[in-house]
Amino acid sequence: MKKMSNIYESAANTLGIFSSPCLTKVELRVACKGISDRDALSKPDPCVILKMQSHGQWFEVDRTEVIRTCINPVFSKLFTVDFYFEEVQRLRFEVHDISSNHNGLKEADFLGGMECTLGQIVSQRKLSKSLLKHGNTAGKSSITVIAEELSGNDDYVELSFSARKLDDKDFFSKSDPFLEIFRMNDDATQQLVHRTEVVMNNLNPAWKTFKVSVNSLCSGDQDRRLKCIVWDWDSNGKHDFIGEFSSTFKEMRGAMEGRQVQWECINPKYKAKKKNYKNSGIVILNQCKIHKMHSFLDYIMGGCQIQFTVAIDFTASNGDPRNSCSLHYIHPYQPNEYLKALVAVGEICQDYDSDKMFPAFGFGARIPPEYKVSHDFAINFNEDNPECAGIQGVVEAYQSCLPKLQLYGPTNIAPIIQKVAKSASEETNTKEASQYFILLILTDGVITDMADTREAIVHASHLPMSVIIVGVGNADFSDMQMLDGDDGILRSPKGEPVLRDIVQFVPFRNFKHASPAALAKSVLAEVPNQVVDYYNGKGIKPKCMSEYESSRTLAP
């Protein structure tokens, strides 16, 4: 095996993918002007749908709230997207009129669209373009998208507001209040941060708790002025002003640990005119909770180990290993695709695993001594201890087991996913970020047990594990793309959706002439986020807060 080592040297060079931030998150805010309705008598109820292009098709990423009867909507909901400098990311913003009687989209509801790339928005920071109707005709309406990078501080804050004794603005009923919070920017402009729901017919409303990133609320500056306005909602879109007050995030932090912060809601016109005017009501912040978002490096440096397991396809479709056309053929100087993929991904994972012992399994073969078909046998034939010493140990076990197996079938991968999920499930009992499991499955064909596999993946999405599938050879892998939830949400046969996207599928042939580094980078790029999503989602902090935590400046 010495002869092969130079082939893999470049794999080590990709370790940079974990130390450099693998992507930047960007927040997009949307507003429209001059939207005309197809029904000239009424104003539209607009909603913006964001679509992204993948493999030539458009997929919905997210949508804003619906704003009733409004021709110049400023939407409160943000779109958060991942920005990859090295890719062209095509976006399409579609404005639809969503009438309250149905939530589906109909052709007639389309009010206009705009296409651009994420790079264009990011480089200009603010992009305004005409909305094009069907047939690409431009009307008088336009859309503006503003981009902000979510800088190092990904912490977010949970706020819970209520009010009492608000002014009554309605003749026959009480006011229908809602609250808007604006951030005052350095250039004296104001940016809508959040708009609450409307509480109907109530002068003492309690609005729903909401979450907002610290970045979005105050650009990371605790003393930045925040302007808060209370409105009385009106169905014609002309909302009545009740009052306003100013605050800062620093002041809002006073509502931690069960304390409240209160502000008088002031209507400046009334204050100027009325002698004994006190206020137009009191707004109360009942709670302010800060949620710290930890990074991948916080977890790794806190002692989280990546437990790497490999599973290799030994079905008959690979071809007889003694034949040079076989995908399992062992050439004295040239590693086959299974070995190349195994080493490229394994070399990186092993740096995050202190004991460097890797369980390695095979599936789809008849194994000695009884030659029964197995879908999760240890390739070192030691069921009690399937671990191999280092990636080198996995390679040697693979080479020595090949002559002893009868390649067979079918291609079932659910058993091996369930096996690793069992270990990951035991890990959840510790309630700490100590072990995260990565299962690398190397297979030459489309799997036979798709329903069981979907079920296993949905179950595994609740556990600290990710699955990487590398398709070896030239089979049609189109069904495998379905397991990689990027193009839509993977569901179990019963319809239960995955909790988070944990599968990454890559055909090896796309990297046949590239370096092992390129393959490793492609299949591992999503892992840091998957680790962070899992632990942050469960509210699990890194095990030991390192020096790194407080400074966030040290290189790993």
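Residues numbered from 1 in each chain as written. Predicted model: local features only at pLDDT ≥ 70, side-chain atom pairs only at ≥ 80, totals over all residues. Heavy atoms only, no water.

Under an unreviewed UniProt entry, the name given to the protein chain is Copine-4, and the organism recorded is Anhinga anhinga. UniProt lists a comment for the protein chain under the heading Sequence similarities (unreviewed entry), and it reads "Belongs to the copine family." Entered under Subunit (unreviewed entry) in the UniProt record, the comment concerning the protein chain runs "Interacts (via VWFA domain) with ACTB, BCOR, BICD2, CCDC22, CDC42BPB, CEP162, MYCBP2, NONO, PDCD6, PITPNM2, RDX, SKIL, SKT, SPTBN1, UBE2O and WTAP." (UniProt positions renumbered as here; feature names shortened; annotations may be inferred.)

1. Concerning the overall build of the protein chain
Looking only at helices and strands, one finds 15 helices and 26 strands in the protein chain. Counting over 556 residues, the protein chain shows a buried share of 49%. In the form shown here, the protein chain has an accessible surface area of approximately 26400 Å², with 50% of it arising from carbon and sulfur atoms. (Helix = DSSP H or I, 4+ residues; strand = E, 2+ residues; numbered from the N terminus. Buried < 20%, exposed > 50% of the residue type's maximum accessible area, 1.4 Å probe, protein only. Areas by Shrake-Rupley, 256 points an atom, 1.4 Å probe, with all protein chains shown as cover.)

2. Considering the environment of Asn474
With respect to the secondary-structure elements, Asn474 resides in the loop between β25 (465-471) and α12 (478-481). Spatially, the C-alpha atoms of Asn474 and Asp444 are 7.8 Å apart, while their sequence positions differ by 30 residues.

3. With respect to the environment of Val420
Relative to the assigned elements, Val420 resides in helix α10 (residues 414-428). Residue Val420 is classed as buried on the basis of its relative accessible area, which comes to 4%. Beyond its immediate stretch of four places on either side in the chain, Val420 contacts Thr309, Phe437, Leu439 and Met465. (Contact = heavy atoms within 4.5 Å.)

4. Structural notes on the sheet that holds strand β10 (residues 177-184)
Strand order in the open sheet formed by 4 strands is β11-β10-β13-β14, and the pairing between neighbours is antiparallel. The open sheet has two edge strands with one neighbour each: β11 (190-195) and β14 (240-247). Averaged over all adjacent pairs, the angle separating strand axes in this sheet is 25°, with direction ignored. Note that β10 and strand β13 (residues 226-232) share 7 bridges and pair antiparallel. Counterpart to Phe182 in the pairing with β13 is Lys227. (Pairing = 2+ DSSP bridges. Axes fitted to C-alpha atoms, helices over the stretch in contact; angles between N-to-C directions.)

5. Side note on the environment of Asp452
Residue placement: Asp452 occurs in helix α11 (residues 450-460). Sequence separation between Asp452 and Gln418 is 34 residues; the distance between their C-alpha atoms is 9.9 Å.

6. A word on the pattern of salt bridges
Close approach of charged atoms allows side chains of opposite charge to pair. According to the stated counting rule, one finds 15 salt bridges in the structure shown. When the shortest N-O distance is used, the salt bridge between Lys77 and Asp62 registers 3.0 Å. One end of the pair, Lys77, is in the loop between β3 (57-63) and β4 (79-83); the other, Asp62, is in strand β3, and 15 residues separate them in sequence. Owing to a relative accessible area of 31%, Lys77 belongs among the partly exposed residues under this scheme. Using a relative accessible area of 26% as the deciding quantity, one classes Asp62 as partly exposed. Taken together, the shared-partner salt bridges connect Lys51, Arg92, Glu94 and Glu115 into one network. (Salt bridge = Lys/Arg side-chain N within 4 Å of Asp/Glu carboxyl O.)

7. Regarding the side chain of Arg183
You can see Arg183 is positioned in strand β10. Of the polar contacts made by the side chain of Arg183, one reaches the side chain of Asn185; its length is 2.9 Å. A polar contact of 2.9 Å, which involves the side chain of Arg183, links it to the backbone oxygen of Ser216. (Polar contact = N/O pair within 3.5 Å; in protein donor to acceptor, adjacent residues only side chain to side chain.)

8. Some remarks on the packing of aromatic side chains
Inspection of the entire model under this criterion finds 14 aromatic pairs. When the ring of Tyr436 is compared with that of Tyr535, the centres are 6.2 Å apart and the planes differ by 65°; the resulting orientation is edge-to-face. Of this pair, Tyr436 sits in strand β24 (residues 435-443) while Tyr535 sits in helix α14 (residues 527-537), placing them 99 residues apart in sequence. Among the residues examined, Tyr436 registers a relative accessible area of 0% and is labelled buried. (Phe/Tyr/Trp six-rings, centres within 6.5 Å; stacked < 30°, edge-to-face > 60°.)

9. Some thoughts on the nonpolar core
Residues Phe314, Ile379, Leu442, Leu524 and Tyr535 are the most contacted members of the largest nonpolar core, which totals 56 residues. Tallying contributions element by element places helix α8 (residues 337-349) first for this core, with 9 residues. In this view, Leu442 contacts Val310, Ala311, Ile312, Asp313, Tyr338, Ala341, Leu342, Phe363 and Val470; residues no more than four positions away in its chain are not counted. In terms of nonpolar packing, the next biggest core, distinct from the first, is built from 31 residues, Ile416, Ile417, Met450 and Ala456 among them. (Core = buried A, V, L, I, M, F, W, Y, C linked by side-chain atoms within 4.5 Å.)

10. Some words on the pairing of strand β18 (residues 357-363)
In terms of residue burial, β18 counts as a mostly covered element, since 6 of its 7 residues are buried. Note: strand β17 (residues 305-313) against β18, 4 bridges, orientation parallel. Paired with Val310 across the strands is Ala360, a residue of β18. In this view, the connection linking β17 to its parallel neighbour β18 by way of α8 has right-handed handedness. Here β18 runs beside strand β22 (residues 387-389); their pairing, made up of 3 bridges, is antiparallel. Residue pairing in the sheet places Pro359 in a bridge with Glu387 of β22. (Right-handed = clockwise from strand over helix to strand, strands pointing away.)

11. Examining the pairing of β11
As paired strands, β10 and β11 are joined by 5 bridges and run antiparallel to one another. Opposite Met184, over in β11, you have Gln190 as the bridge partner.

12. Details of the side chain of Ser175
Tracing the backbone through its elements, the reader meets Ser175 in the loop between β9 (156-164) and β10. From its side chain, Ser175 meets the backbone nitrogen of Lys169 in a polar contact 2.8 Å long. If sequence neighbours within four positions are ignored, Ser175 has contacts with Asp167, Asp168, Lys169, Asp170, Val199, Met200, Asn201, Asn202, Leu203, Asp232 and Ile242.

13. What to know about the state of the cysteines
Using the criterion set out here, one finds 0 disulfides in the structure. Looking at Cys32, it has no disulfide partner, and the nearest cysteine sulfur is the one in Cys70, 9.1 Å off. Accessibility expressed as a relative area gives 3% for Cys32, which makes it buried. (Disulfide = S-S within 2.5 Å.)

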